[in-house]
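# Chains, contacts and geometry: an overview
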Amino acid sequence: MSGHRWAARAAAGAAAVALTVTGGAVAQADDDIASLGAEQIADRSREALLGVSSLHLSARGSVGGSGERMSIDLTLDREGNCAGGVDTGEDGSVEIVKRADDVWLKPDKAFWETHVPIGGSTFDAILDGRYMKAKADDPRLLTVTEVCDLDTFRELLADNPDAADRGTLTKGAETEVNGAPVVPVTRAQGDERLTVYVATEGEPYPVRITADGPDEKGTVDFSGFDRPVPDTTPSADETVDVTALLGRSVKPV
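First, a word on scope: everything that follows refers to the structure included in this document.

Here is what the cut-offs are and how they apply
Residues numbered from 1 in each chain as written. Predicted model: local features only at pLDDT ≥ 70, side-chain atom pairs only at ≥ 80, totals over all residues. Heavy atoms only, no water. Helix = DSSP H or I, 4+ residues; strand = E, 2+ residues; numbered from the N terminus. Contact = heavy atoms within 4.5 Å. Areas by Shrake-Rupley, 256 points an atom, 1.4 Å probe, with all protein chains shown as cover. Pairing = 2+ DSSP bridges. Core = buried A, V, L, I, M, F, W, Y, C linked by side-chain atoms within 4.5 Å. Buried < 20%, exposed > 50% of the residue type's maximum accessible area, 1.4 Å probe, protein only. Salt bridge = Lys/Arg side-chain N within 4 Å of Asp/Glu carboxyl O. Expected span 1.5 Å × (residues − 1). Polar contact = N/O pair within 3.5 Å; in protein donor to acceptor, adjacent residues only side chain to side chain. Arc of directions from axis to C-beta.

This part takes up the overall build of the protein chain. For the protein chain, the helix and strand inventory stands at seven helices and 13 strands. The long-range share in the protein chain, meaning contacts at least 24 apart out of those at least 6 apart in sequence, stands at 53%. Roughly 12,300 Å² of accessible area belongs to the protein chain as shown, and the carbon and sulfur atoms make up 46% of that amount.

Shown next, in the form of C-alpha cells:
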C-alpha cells in the first residue's frame, strides 16, 4: 500500500471513531470538552475537522506484514492546493506541489526504479533533480492529486462506510500532545485499536490519531488548521514538462 493510501485509511479510521454518535444534539461551544462522554467528544471532533478550510497532515507508520515504514507530510486545502511529500521507505519518495490546475512532482531515484522499472532510471536522468510538471487532471497522476485535496479526507469523515460497525468507544484520561492538553477517545474492534486525541482548549480538533493493529501501525498528526497552503511553486528552470519527459527529451516549462 502506498503512503497516500495509508494516510487515507488513517483518516477513514478517524471517521469511524467520530461517527459513533447515533443521534442527539451536538454539544455547545461552552461545554467543557473533557467532561463530555466519548461519543459526544467524537462528535465535536468530527464537526470541528469538517469545518476547516486547510490543515497540515503528518502521517508515519507501517503497513502489511513486511512492516515497511512510510510517511506523508502535506499542507492541503479544500481548493485542492497542497505542498509536501510522500516517503515510501525503500520504494522511494516524491515531493509534491499542487496549485490550481497544475501539479509538480519530484520523485527520487528509488521511486522511479520501483514504480517505473522499465525506463525509470532514464526519467530520473532527464529530470536531473528538477520537478515534473503536469495538469492536475492527468489520469496518470490522479492517485497523487487526490491526496492533495482536503475534501478527499472530509468525504471520508462525512460518509465512512465502516460507520455502521462501530466497535467499542471509550474515553481515556486527559494527557498532552506536543505540549497541548487533549483527551483521548479509543475505538476498539477485535485486535484493532484506533485512538483520536482531541484538543480540550480552543476548537476541539483531533490533533493526533494512532492506529494499532495486525496490518497497520502508525500515527497521524493534524495541525495548522485554517492556515493557507504556501503559494510558492517551482520556477520554469526547475521544471520539465511531463510530455517532454515521456518523450525522453528535456523541455523546460
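The next thing to look at is the pairing of strand S3 (residues 82–87). Across six bridges, S3 lies against strand S4 (residues 93–99) in antiparallel orientation. Its bridge partner being in S4, Gly84 is matched across the sheet by Ile96. Where S3 hands over to S4, the hairpin turn is made up of five residues, of which Gly89 adopts a positive phi near 70°.

Here we take up the nonpolar core. Most often, soluble globular proteins keep nonpolar side chains buried together rather than apart. Counting residues in hydrophobic clusters, the biggest one holds 49 residues, and the most contacted among them are Leu55, Leu57, Leu76, Ile96, Leu105, Val207 and Phe225. Ignoring sequence-local partners within four residues, the contact set of Ile96 consists of Cys82, Ala83, Gly84, Gly85, Val86, Val103, Trp104, Leu105, Val144 and Cys148.

Another aspect to go through is the pairing of strand S12 (residues 216–223). Counting buried positions over the eight residues of S12 gives six, a clear majority of the element. Pairing analysis gives five bridges linking strand S11 (residues 206–212) to S12, with the strands arranged antiparallel. Its bridge partner being in S12, Asp212 is matched across the sheet by Lys217. Linking two consecutive strands that pair antiparallel, namely S11 and S12, is a turn of three residues.

The subject of this paragraph is the pattern of salt bridges. Considering all chains together, one arrives at six salt bridges under this definition. Residue Arg60 is joined to Asp221 by a salt bridge in which the shortest nitrogen-to-oxygen separation is 3.6 Å. Within this pair, whereas Arg60 is found in strand S1 (residues 54–63), its partner Asp221 is found in strand S12, the two being separated by 161 residues in sequence. A relative accessible area of 33% places Arg60 in the partly exposed class. In this structure Asp221 comes out as buried when scored by relative accessible area, which is 13%. Across the salt bridge formed by Lys217 and Asp212, the nearest N and O atoms sit 2.7 Å from each other. Since its relative accessible area comes to 43%, Lys217 is described here as partly exposed. Overlapping salt bridges bring together Arg60, Arg208 and Asp221 as one network.

Bringing helix H2 (residues 38–50) into the picture now. Given a rise of 1.5 Å per residue, 13 residues ought to cover 18 Å, and the 18 Å separating the end C-alpha atoms of H2 matches this to within 8%. For H2, the tally of buried residues reaches 10 of 13 residues, placing the bulk of the element in the interior. Along H2, the residues classified as buried are Ala38, Ile41, Ala42, Asp43, Arg44, Ser45, Arg46, Ala48, Leu49 and Leu50.

Relative to the assigned elements, Thr186 resides in strand S9 (residues 180–189). Within polar-contact distance, the side chain of Thr186 engages the side chain of Thr195 at 2.8 Å. In this structure, Thr186 is in contact with Thr168, Leu169, Thr170, Arg193, Leu194 and Thr195, ignoring residues within four places of it in sequence.

This paragraph deals with helix H4 (residues 120–127). Residues Gly120, Phe123, Ile126 and Leu127 constitute the buried set of H4. In a view along the axis of H4, the buried residues occupy a sector of 120°, so they form one face of it. Within two residues after H4, Asp128 carries a phi angle of roughly 50°, on the positive side.

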